[in-house]
Amino acid sequence: MPGDLILSDAHVSLSDGDRVFRLEVDKLTLQPGKAIALTGDSGSGKTLLLELLGLLRRPGQGSRYRYDGDNPTDLSGLWRAGARSADLAQLRGRLFGFVPQSGGLMPFLTVAENIALPQKLNNRVDPDWCRSLIAALRIEDVTRLYPGALSIGQRQRTAIARALAHRPGFVIADEPTAALDSDSADAVLEQLLDMSRAHNSGVILSSHDTARIARFGLSRLHLSVTTDGSEVISTPKERPC
């Protein structure tokens, strides 16, 4: 059975030489089948937090990050072997599905090939599941096309199908509707949430659109930024929808 992701007493810092940006997380829990929206001003660290959660960014020393699934894992400990650790890459690919803001599709692969790629990388080849995702996301007519021939909405739907293709425990989506018009954004977000919920995948997505988040009734974490001398500190705090 899938389990929770628990990030606690965690931090990560970035520096440009004159100023330090520090993200601090007292405790954040992601649960299978549940969705959380991450909000905050530009530069507040939304993408940084998503990278931390998705094992794309090394946490600061002393940070704790664990997965409480069938095989409980100290995720923060995986970094000790280095960013290129095979165990780290394997777990990242198995546990997470990613929906970048621009879709992030491989331009030299067709829609169908892009969607099937995570299955091949994780040795979970399941053509029937790919076809089900393609049908549910209404992209049957474009499966043989390359990303360059798609509309923005079609690219985002393809990215959602790809993120769910290997049945990950969690989907991480960075501004998945930012480039879409209002109607398309609603449709894409609804499909992402419905498909993830139906297959018990947890979701954390970043967004500037608090009105849309409220309409969908998502739990909300807001990154609040304070300044202490030369250090900018960002911390997630729960906010009402």
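Structure first, text after, so check above.
Once a new chain begins, its residue numbering starts again from 1 and follows that chain's sequence as written. Where local features are concerned, this predicted model is filtered to residues with pLDDT of at least 70; where side-chain atom pairs are given and counted, the filter is 80 or more; whole-chain, interface and lining totals use all residues. Only hydrogens and water are removed before side-chain values are computed, so all heavy atoms of the structure are retained for them.

Trainee: With reference to specific residues and values, describe the overall build of the protein.
Mentor: Put simply, DSSP marks the helices as runs of H or I at least four residues long and the strands as runs of E at least two long, and each gets a number from the N terminus on. Across its full length, the protein carries eight helices and 10 strands. Against the globule reference of 18 Å for 241 residues, the protein gives a C-alpha radius of gyration of 18 Å, in line with a compact fold. With respect to the principal axes defined by its C-alpha atoms, the protein has extents near 55 × 40 × 35 Å. Burial classes follow relative accessibility: with a 1.4 Å probe on protein chains only, a residue under 20% of its type's maximum area counts as buried, one over 50% as exposed, and anything between as partly exposed. The buried share of the protein, reckoned over its 241 residues, is 51%. Between two residues, a contact is recorded if the distance between any of their heavy atoms is within 4.5 Å. For the protein, long-range pairs separated by at least 24 residues make up 68% of all intrachain contacts whose partners lie at least 6 apart in sequence. Within the structure as shown, the protein displays about 11,800 Å² of accessible surface, and the carbon and sulfur contribution to it stands at 47%. Just to be clear, the radius of gyration here is over C-alpha atoms, and the globule rule we use is 2.2 Å times residues to the power 0.38. All accessible areas in this document rest on Shrake-Rupley with a 1.4 Å probe, and a residue is counted as covered only by the protein chains that are shown.

Trainee: Got a sec to walk through the packing of helix α4 (residues 111–121) against helix α6 (residues 152–164)? Specific residues and values, please.
Mentor: Where α4 meets α6, the axes come as close as 7 Å, and the angle between the chain directions of the two elements is 30 degrees. Between α4 and α6, the angle falls in the class roughly parallel. Crossing geometry of α4 relative to α6 is assigned as right-handed. Where α4 approaches α6, its residues Val111, Asn114, Ile115 and Pro118 are matched on the opposing element by Thr158, Ala161 and Arg162. Residues were grouped as follows: Ala, Val, Leu, Ile, Met, Phe, Trp, Tyr, Cys and Pro as nonpolar; Asp, Glu, Lys and Arg as charged; and all remaining residues, including Gly, as polar. Residue composition of the contact of α4 with α6, grouped by class: four nonpolar, two polar and one charged. For helices, the axis comes from a line fit to the C-alpha atoms of the stretch in contact; other axes are also lines fit to C-alpha atoms, and the angle between any two N-to-C directions lies between 0 and 180 degrees. Here the angle decides the label: under 35 degrees means roughly parallel, over 145 means roughly antiparallel, 65 to 115 means roughly perpendicular, and every other value means oblique. Throughout, a crossing is termed right-handed when the near helix is turned clockwise from the far one, and left-handed when it is turned anticlockwise from it by less than a right angle.

Trainee: Can you break down unusual backbone geometry residue by residue, with the values?
Mentor: Within the chain, Leu55 stands out as a residue other than glycine whose phi angle is a positive 60 degrees. Structurally, the position occupied by Leu55 is in the loop between α1 (46–53) and β4 (64–68). The exposure class of Leu55 is buried, given its relative accessible area of 0%.

Trainee: Quick one: what's the story with helix α5 (residues 127–136), residue by residue and with numbers?
Mentor: Taken residue by residue, α5 has Trp129, Cys130, Leu133 and Ile134 as its buried positions. Projection of α5 onto a plane perpendicular to its axis shows the buried side chains occupying an angular sector of 140 degrees, all on one side. Immediately downstream of α5, the backbone of Arg138 shows phi near 60 degrees, a positive value. It is the directions from the helix axis to the C-beta atoms that the arc portrays.

Trainee: How would you summarise the packing of aromatic side chains if you had to cite specific residues and measurements?
Mentor: Paired rings are identified among Phe, Tyr and Trp, the last through its six-membered ring, by centres lying within 6.5 Å, and are further divided according to the angle between planes into stacked (under 30 degrees), edge-to-face (over 60) and tilted (the rest). Scanning the entire structure with this criterion turns up two aromatic pairs. A ring pair is formed by Phe96 and Phe98, whose centres lie 6.0 Å apart and whose planes are at 40 degrees; its orientation type is tilted. Phe96 sits in the buried class, given a relative accessible area of 2%. On the accessibility criterion, Phe98 (25% relative accessible area) is partly exposed. Seen in terms of ring centroids, Phe96 and Phe170 are 6.5 Å apart; in terms of plane orientation they differ by 45 degrees. Their pairing is tilted. You can see Phe96 sitting in strand β6 (residues 96–99) and its partner Phe170 sitting in strand β7 (residues 170–174), a full 74 residues away along the chain. The pair formed by Phe96 and Phe170 is uniform in burial state, with each residue classed as buried. Aromatic ring contacts, followed pair by pair, group Phe96, Phe98 and Phe170 into a single cluster. Here Arg167 stacks its cationic end above the ring of Trp129, 4.1 Å away from the centre of that ring. The criterion is that NZ of a Lys, or CZ of an Arg, lies within 6 Å of the ring centre and within 35 degrees of the ring normal, and then a charge sits over that ring.

Trainee: Help me get a handle on the pattern of salt bridges, residues and values and all.
Mentor: For salt bridges, the criterion is a side-chain nitrogen of Lys or Arg within 4 Å of an Asp or Glu carboxyl oxygen. Tallied over the entire structure, the rule returns 11 salt bridges. Residue Glu24 pairs with Arg22 through a salt bridge whose shortest N-O separation is 2.7 Å. When its relative accessible area of 26% is taken as the criterion, Glu24 is described as partly exposed. Here Asp209 makes a salt bridge to Arg212, at a shortest N to O gap of 2.4 Å.

Trainee: For the pairing of β7, give the residues involved together with the corresponding values.
Mentor: Burial analysis of β7 places five of its five residues in the buried class, which makes it a mostly covered element. Burial of the side chains of β7 extends over both faces: Phe170, Ile172 and Asp174 are buried on one face and Val171 and Ala173 on the other. Two strands form a pair only when DSSP identifies at least two bridges running between them. Across four bridges, the pairing between β6 and β7 is parallel. Considered in β7, the bridge of Phe98 is made with Ile172. Relative to strand β8 (residues 202–206), β7 is paired through five bridges, and the arrangement is parallel. For Asp174, the partnering residue across the bridge sits in β8 and is Ser206.

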